[in-house]
Amino acid sequence: MVIATDFDPPPPTAPKPNGNGNGFQPAIYVYEFPVRIWHFVNAFAIAALLVSGYFIGSPPPTLSGEASDHFLMGYIRFTHFAAGYILIIGMAARTYWAFVGNKHALEIFAPPILTAKFWDNTWHEFKRYVFLEKEGRKYVCHNPIAVLTMHFMFLWGITFMIFTGLALYGEGTGMGTWQHTLFTSWIIPIFGNSQNLHTFHHLAAWSILIFVMIHVYGAVRDELLGHQSIFSTIVSGYRTFKSPGKPEDMDRA
Amino acid sequence: MDETFYDVLRRQGVSRRSFMKFCSLTAAALGLGPQLAPTLAHALETKPRIPVLWLHGLECTCCSEAFIRSAHPLASDVILSMLSLDYDDTIMASAGHQAEAIVEEIVTKHKGNYILAVEGNPPLNEDGMYCIIGGKPFVEQLKYAASNAKAVISWGSCASWGCVQAAKPNPTQAVPVHKVIHDKPIIRVPGCPPIPEVMTAVITYILTFERIPELDRQGRPKMFYSQRIHDKCYRRPHFDAGQFVEAWDDENARKGYCLYKMGCKGPTTYNSCSTTRWNGGVSFPIQAGHGCIGCSEDGFWDNGSFYDRLTNIKQFGVEENADVIGATAAGVVGAAIAAHAAVSAIKNARSKGDNE
Ligand code: SF4
Ligand code: SF4
């Protein structure tokens, strides 16, 4: 393995991507500021939603004393709803940024699934994850397996959670409110009844947790074994490379 | 047959005083406000009585039982006089061919001007042979009676959603009324049974104003089905405080804490029980210490145990709720990740060794 310390990032002003002698791709600015902020706000919102959501379904043990002394379920539910709104606003802003931000901001929304190269890379990375291939390839944005999980597990999953979540929230705000009119009124009939809607909201929540596990593990593993920076990139925005060569998605980048 | 409702009532011995009382009560139940009681009275005094046909399909008659026990005896008196009880299996005087002839008479004579109330539902399997009325499958009687109706009322969960006879696996293939009747406005009044006051109020509204009350997307009158039991439950402060009955015989049950953990379906059930209550406003299930079972919800028989908060899902072979399934899946993925990480570390250490 090439150790990160024995590599000197070339100056960002290098004239041509690979023409600076040592063959290293210079650092590239990938995640713009709004994307980075969103990533962490979103992560905290999801954590708060998963924990508070679990306790809404299975509340903690009963508190003794007068009802007027406590508001535990009220606070748990408030946490859930507040975090839900933060997540929704964040997702709306992130979706907007996908279109006005740089090219990388769009990748998880519109994976380049129509190119043969994408699938060739997917196959390669798949083989790497099942230990049939030793070295990963280099990517400016994400490796294709990461893109696919983010697109299908995260984006679609979170969209489902937002719609079903607003539909459940609209049950409380009541008929005539925008949440009820825009979501509850047509989503409940699709699921037959509110109880079923709750069940699917729970199932999808667990699938989001599974996504988080895969996402974090993939990031840790690629940080340690891959050929590009991961953690520092989501903090600073810059992707640096640990081995020489042109990244696979350089032409799109 | 051009008698007004009021004529009929007077003929049945209802006093004017009682009549006015009924009007104000019903106006209140409908949420119309006291100033509309005279409107109601005027309508009943001047409008000719609209016949109501009351059919019974596959059912347990709990809707009729509830209806004739409408809280205020007056209400049931008035309503029963208003309905043309010429045809109602349970309480009509005639029988046999004579009775069946009445259906035909109303359908042909009052074309487009009678209300069809349906309790129960038609089974479609084996050409409808699981429910025979007067020698013919009920589904045929239903279609015939609906053909000239002004509107159809689906009484109870059977007619509205299917109820117990349509629960999985539904051997008789019982279907709710709206699966068979497509060309008439249908008002669904679900519940097993529906609340009697709700039934009388709905029918009074239709008969007096000659229009259908405002319905939600699932065809239920908004005035009675727009809120969940949980939204108006008197135990709600205990819910918000996080105080729950944890076992049927615990101290908390005696103190009247929230029944959420005992599987109360109040948070997912649209009905007026927590406002109207039952038996003349005496009580309702939660007040009696038992959770709501969600009887007015579509498919409530198939939503698992009445005593589980989270529904058991059967598609996985073993019956478990969403959280158990989710946690198991997360555990499996976690174990897979740990194993993958271990193999990655070993392989990496080995290849490093090879390189040196
Ligand atoms: S709706 Fe359900 S409850 Fe009413 S008659 Fe039918 S079985 Fe009985
Ligand atoms: S008893 Fe049922 S309806 Fe009442 S607050 Fe508790 S969960 Fe809600």
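Residues numbered from 1 in each chain as written. Chains lettered and ligands numbered in written order. Predicted model: local features only at pLDDT ≥ 70, side-chain atom pairs only at ≥ 80, totals over all residues. Heavy atoms only, no water.

We now examine the overall build of chain B. Broken down by element type, chain B carries 16 helices and eight strands. Expected size for 356 residues packed as a compact globule is a radius of gyration near 21 Å; at 26 Å, chain B overshoots this value by more than 25%. Projected onto its principal axes, the C-alpha coordinates of chain B cover approximately 105 × 50 × 35 Å. Taking all 356 residues of chain B together, 54% fall into the buried category. In chain B, of all internal contacts separated by at least 6 residues, the share reaching a separation of at least 24 is 72%. When the accessible area of chain B is evaluated, it comes to approximately 15500 Å², of which 55% is carbon and sulfur surface. For chain B, the distance from the average site of its 35 positive side-chain charges to the average site of its 37 negative ones is 6 Å. (Helix = DSSP H or I, 4+ residues; strand = E, 2+ residues; numbered from the N terminus. Rg over C-alpha atoms; globule rule 2.2 N^0.38 Å. Buried < 20%, exposed > 50% of the residue type's maximum accessible area, 1.4 Å probe, protein only. Contact = heavy atoms within 4.5 Å. Areas by Shrake-Rupley, 256 points an atom, 1.4 Å probe, with all protein chains shown as cover. Lys, Arg positive; Asp, Glu negative; His and termini not counted. Charge placed at Lys NZ, Arg CZ, Asp CG, Glu CD.)

What follows deals with the UniProt feature "domain: Cytochrome-c3 hydrogenase C-terminal" (unreviewed entry) in chain B. The positions that UniProt labels "domain: Cytochrome-c3 hydrogenase C-terminal" (unreviewed entry) are, in the present scheme, residues 225-306 of chain B. Structurally, residues 225-306 of chain B is divided into 24% helix and 0% strand, and its ends, taken at the C-alpha atoms, are 21 Å apart. (UniProt positions renumbered as here; feature names shortened; annotations may be inferred.)

It is worth spelling out the site of ligand 2 at this point. In the vicinity of ligand 2, the contacting residues are B:H230, B:C233, B:R235, B:R236, B:F239, B:C258, B:L259, B:Y260, B:C264, B:G266, B:P267 and B:I286. Among the residues making up the shell around ligand 2, the classes are represented as eight nonpolar, two polar and two charged. (Near = heavy atom within 4 Å. Nonpolar A, V, L, I, M, F, W, Y, C, P; charged D, E, K, R; others polar.)

Moving on: the site of ligand 1. All names here are of chain B. Taken together, E59, C60, T61, C62, C63, E119, G156, S157, C158, C163, G191 and C192 form the complete shell of residues around ligand 1. Looking at the shell around ligand 1, the elements with two or more residues in it are α4 (62-67) and α9 (156-160). Split by residue class, the shell around ligand 1 holds six nonpolar, four polar and two charged.

So, on to the packing of aromatic side chains. The description of an aromatic ring pair rests on the distance of the ring centres and on the angle between the ring planes. Tallying each qualifying case throughout the model produces 26 aromatic pairs over all chains. Here the aromatic rings of A:W38 and A:F154 are separated by 6.2 Å at their centres, their planes lie at 65°, and the arrangement is edge-to-face. Placement of A:W38 in helix α1 (residues 33-57) and of A:F154 in helix α5 (residues 144-173) is noted, with a sequence separation of 116 residues between them. The exposure classification of A:W38 matches that of A:F154, with both residues buried. With a centroid separation of 5.5 Å and 40° between ring planes, the pair formed by B:W54 and B:W155 is classed as tilted. Of this pair, B:W54 sits in strand β1 (residues 52-56) while B:W155 sits in strand β5 (residues 151-155); the two residues are 101 residues apart in sequence, bridging distant segments of the chain. Both residues of the pair, B:W54 and B:W155, count as buried. Linked through ring pairs, A:W38, A:F154 and A:F211 together constitute an aromatic cluster. The side chain of A:R128 reaches across the aromatic face of A:Y129, ending 4.8 Å from its centre. (Phe/Tyr/Trp six-rings, centres within 6.5 Å; stacked < 30°, edge-to-face > 60°. Lys NZ or Arg CZ within 6 Å of the ring centre and 35° of its normal.)

A word on the nonpolar core. Residues and elements named next belong to chain B. In this structure, F19, I115, I153, W155, V189 and I286 are the most contacted members of the largest nonpolar core, which totals 51 residues. With nine residues, the single largest contributor to this core is helix α10 (residues 196-209). Counting residues domain by domain, this core receives three or more from each of domain 1 (5-225) and domain 2 (229-309). Dropping the residues within four chain positions of it, V189 is found in contact with I153, S154, W155, G156, S160, P194, V198, V202 and Y225. (Core = buried A, V, L, I, M, F, W, Y, C linked by side-chain atoms within 4.5 Å. Domains from an automatic or database assignment.)

So, on to the confidence of the model for chain A. Mean pLDDT over chain A: 87, with 91% of residues reaching 70 or higher. Here residues 1-19 of chain A is modelled with pLDDT under 50, and outside its nearest four sequence neighbours on either side it reaches 27 contacts, counting other chains as well. (pLDDT = per-residue confidence, 0-100.)

Residues and elements named next belong to chain B. When the UniProt feature table is mapped onto this chain numbering, "binding site: [4Fe-4S] cluster 2" (unreviewed entry) sits at H230, C233, C258 and C264. In terms of the greatest pairwise C-alpha distance, the residues named above, spread along 35 residues, form a tight cluster of at most 11.2 Å across. Looking at where C233 falls in the secondary structure, it is placed in the loop between α12 (229-232) and α13 (236-241). According to the relative accessible area criterion, C233 is buried, its value standing at 12%. Structurally, the position occupied by C258 is in the loop between α14 (251-255) and α15 (273-276). By relative accessible area, C258 is classed as buried at 7%.

Before going further, it helps to spend a moment on the domain arrangement of chain B. All names here are of chain B. Each assigned domain of chain B is listed with its residue range as follows: domain 1 (5-225), domain 2 (229-309) and domain 3 (320-355). In this assembly, 19 residues from domain 1 lie in contact with 16 residues from domain 2. Taking both partners together, domain 1 and domain 2 bury about 1400 Å²; carbon and sulfur atoms supply 63% of that area. Interface area lost by domain 1 to domain 2 is led by W161, I195 and Y225, which between them contribute 36%. The tally of links between domain 1 and domain 2 comes to four residue pairs in polar contact (both at pLDDT 80 or more). Listing elements by their share of the side of domain 1 that touches domain 2, those giving two or more residues are α10 and α11 (222-225). (Buried area = accessible area lost by both parts, 1.4 Å probe. Polar contact = N/O pair within 3.5 Å; in protein donor to acceptor, adjacent residues only side chain to side chain.)

Under the local residue numbering, the UniProt record ascribes the feature "domain: Cytochrome b561 bacterial/Ni-hydrogenase" (unreviewed entry) to residues 30-237 of chain A. The distance separating the terminal C-alpha atoms of residues 30-237 of chain A is 6 Å; by composition the span is 74% helix and 0% strand.

To continue, consider the packing of α5(A) against helix α7 (residues 194-225) of chain A. Residues and elements named next belong to chain A. Where α5 contacts α7, the axes come no closer than 9 Å and their chain directions differ by 150°. As judged from the angle between their axes, α5 and α7 are roughly antiparallel. Viewed along their axes, α5 and α7 form a crossing whose handedness is left-handed. Here the residues of the contact of α5 with α7 sort into 16 nonpolar, nine polar and one charged. (Axes fitted to C-alpha atoms, helices over the stretch in contact; angles between N-to-C directions. Parallel < 35°, antiparallel > 145°, perpendicular 65-115°, else oblique. Left-handed = near helix turned anticlockwise from the far one by under 90°.)

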